[in-house]
Amino acid sequence: MQGDRDVIFHNIDYENWDRKEIFDAYDGFSYGMNVELDMTELYAYMKRTARKFYPLICWTITCTVNKEPDYRIVMRNGELGWFDHLNTSYTLRRAAKPHLFTHMVTEYDTDIDVYYDRFLSDKAMAEAEDRLYYFAEMRQDSVDVSVTPDTSFTALSMSAPDGFYKKDPKNVRYTPFTTVGRFFERDGRTILPVSTNFHHAVNDGYHAEKFFRLLQQTLDCFAQL
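No experiment lies behind these values; they were computed from the predicted model shown. Per-chain numbering applies: the sequence of each chain, read as written, is numbered from 1 onward. Note on the predicted model: pLDDT of at least 70 is required for a residue's local features to be given, and 80 or more for side-chain atom pairs to be given and counted; whole-chain, interface and lining totals, by contrast, use all residues. Hydrogen atoms and water are omitted, and side-chain values are computed over all heavy atoms in the structure.

> Describe in detail the pairing of strand 11 (residues 189-199), supporting the description with residues and values.
Burial classification: accessible surface area is computed with a 1.4 Å probe over protein chains only, and a residue below 20% of its type maximum counts as buried, one above 50% as exposed, and the rest as partly exposed. The secondary structure listing takes helices from DSSP runs of H or I that are at least 4 residues long and strands from runs of E that are at least 2 residues long, numbered from the N terminus. For strand 11, a buried count of ten out of eleven residues is recorded, marking the element as mostly surrounded by other parts of the structure. Pairing of strand 2 (residues 30-38) with strand 11, which is carried by nine bridges, proceeds in the antiparallel orientation. If you follow Gly32 over to strand 11, its bridge partner there is Asn197. Two strands are said to pair when DSSP picks up at least two bridges between them. Sheet analysis places strand 9 (residues 177-180) next to strand 11, joined by four bridges and oriented antiparallel. When the bridges of strand 11 are listed, Val180 appears paired with Val194. In the sheet, strand 10 (residues 184-186) pairs with strand 11 via three bridges, with the strands oriented antiparallel. Paired with Glu185 across the bridge in strand 11 is Thr190. If you look at the hairpin formed by strand 10 and strand 11, you'll find two residues sitting between the two strands, and Asp187 has a positive phi there, around 55°.

Shown next as structure tokens:
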């Protein structure tokens, strides 16, 4: 099992980091990219197993992020580095006030069956609460996922001031933020709109393109599950 108790932080040798010049120039800048991915294999898996979309897409995105340390970079107590893996931070509607949302974190596991059951348990606990974060605050050891289950989109713009990520300048997350829309059928394939916000200090266009390639590969892996 991989959970937050096992998360290991690896320091970056900042002065000798080959990305230092870019990081210094673009720290504080973010950008978004919107794509359509083919989730036909995931949808077939959902029908085959009668499992729900949200836990599965959260696992898929977290699994993708955990394939590359470039998507797991944070500033921790003033030290730049990366976690050996991340857990999933995701939004949910509050049961008593569905016009408001809350956040929950589910510990990642490479075993999708373990993760799925854990997610459903965590989801039920968080939906019953009436606060922004089920935990006291945002957790650094997590990657953000959200969903617009009733709306497909061709573009999504998210503007966040630098201070949102730097409320504490010694503890900053530079991890991607992914939102997925309502999936739909086109030419016999199931299409998923995906929008991801990247921090330019650590992720350039090269990393964004690679992220979506890896995400597509992870979606395709459901054919083997």
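> Explain the side chain of Arg173 residue by residue, including any values.
As for its placement among the helices and strands, Arg173 is situated in strand 8 (residues 172-173). Nitrogen and oxygen atoms within 3.5 Å of one another constitute a polar contact, given that in protein one can donate a hydrogen and the other can accept it, and given that sequence-neighbouring residues count only through two side-chain atoms. Among the polar contacts made by the side chain of Arg173, one reaches the main-chain carbonyl oxygen of Ser142 at a distance of 2.9 Å.

> Pulling in residues and values, what's your account of the packing of helix 3 (residues 53-65) against helix 6 (residues 205-220)?
Relative orientation and spacing of two packed helices are given, respectively, by the angle between their axes and the distance between those axes. Across the interface, helix 3 lies against helix 6 with an axial gap of 9 Å and an inter-helix angle of 130°. Regarding the angle of helix 3 to helix 6, the classification is oblique. Relative to helix 6, the crossing made by helix 3 is right-handed. Contacts from Ile57, Trp59, Thr60, Ile61, Cys63, Thr64 and Val65 in helix 3 reach Phe211, Leu214, Leu215, Thr218 and Leu219 in helix 6. Each residue receives one of three labels: charged for Asp, Glu, Lys and Arg, nonpolar for Ala, Val, Leu, Ile, Met, Phe, Trp, Tyr, Cys and Pro, and polar for the others, Gly being one of them. In terms of residue class, the contact of helix 3 with helix 6 is made up of nine nonpolar, three polar and no charged. Convention adopted: a line fitted to C-alpha atoms gives each axis, helices being fitted over their contacting stretch, and angles between N-to-C directions are expressed from 0 to 180 degrees. These descriptions rest on fixed angle ranges, namely under 35 degrees for roughly parallel, over 145 for roughly antiparallel, 65 to 115 for roughly perpendicular, and the rest for oblique. Helix crossings are classified by the rotation of the near helix relative to the far one: an anticlockwise turn of less than a right angle makes the crossing left-handed, while a clockwise turn makes it right-handed. Any two residues whose heavy atoms approach within 4.5 Å are treated as being in contact.

> Outline the pattern of salt bridges, supporting the account with residue identities and numerical values.
Oppositely charged side chains may form a pair once their charged atoms are brought near each other. Here, a salt bridge means any Lys or Arg side-chain nitrogen found within 4 Å of an Asp or Glu carboxyl oxygen. Evaluated as defined, the whole model comprises twelve salt bridges. Across the pair Lys97 and Asp130 runs a salt bridge whose closest N-O atoms are separated by 3.0 Å. Linking Lys97 in the loop between strand 5 (87-93) and strand 6 (101-106) with Asp130 in the loop between helix 4 (112-127) and strand 7 (142-147), this pair joins segments that are 33 residues apart in sequence. Assessed through its relative accessible area of 33%, Lys97 is described here as partly exposed. The partly exposed category is assigned to Asp130, whose relative accessible area is 44%. In this structure, Asp144 engages Arg173 in a salt bridge whose closest nitrogen and oxygen atoms are separated by 2.8 Å. With Asp144 in strand 7 and Arg173 in strand 8, the pair connects residues that are 29 residues apart, well separated along the chain.

> Which residues make up the environment of Leu219, and what values do they have?
Tracing the backbone through its elements, the reader meets Leu219 in helix 6. Overall, Leu219 belongs to the buried group, its relative accessible area being 1%. Once the C-alpha coordinates of Leu219 and Asp38 are considered, the two residues, 181 residues apart in sequence, prove to be 7.6 Å apart.

> Describe the packing of helix 3 against helix 4, and please don't skip the residues or the numbers.
It is at 10 Å that the axes of helix 3 and helix 4 come closest, and there the two elements cross at 125°. It follows that helix 3 is oblique to helix 4 by the angle criterion. The handedness of the crossing between helix 3 and helix 4 comes out as right-handed. Residues Tyr54, Pro55, Leu56, Cys58, Trp59 and Thr62 of helix 3 form the contact with helix 4, whose participating residues are Ile112, Tyr115, Tyr116, Phe119 and Leu120. A per-class count over the contact of helix 3 with helix 4 returns ten nonpolar, one polar and no charged.

> Help me get a handle on the nonpolar core, residues and values and all.
Core analysis: the biggest nonpolar cluster contains 44 residues, and Leu42, Phe53, Tyr54, Leu56, Ile57, Tyr90 and Val180 have the highest contact counts within it. Within the residue set of this core, elements represented by two or more residues are strand 2, helix 2 (40-49), helix 3, strand 5, helix 4, strand 7, strand 11 and helix 6. With nine residues, the top contributor of residues to this core is helix 3. Apart from the residues within four sequence positions on either side, Leu56 is in contact with Leu42, Tyr45, Met46, Arg51, Ile112, Tyr116 and Phe222. Put simply, buried Ala, Val, Leu, Ile, Met, Phe, Trp, Tyr and Cys residues joined by side-chain atoms within 4.5 Å make one nonpolar core. Trp17, Val172, Tyr174 and Val202 belong to the second-largest nonpolar core, a separate cluster that totals ten residues.

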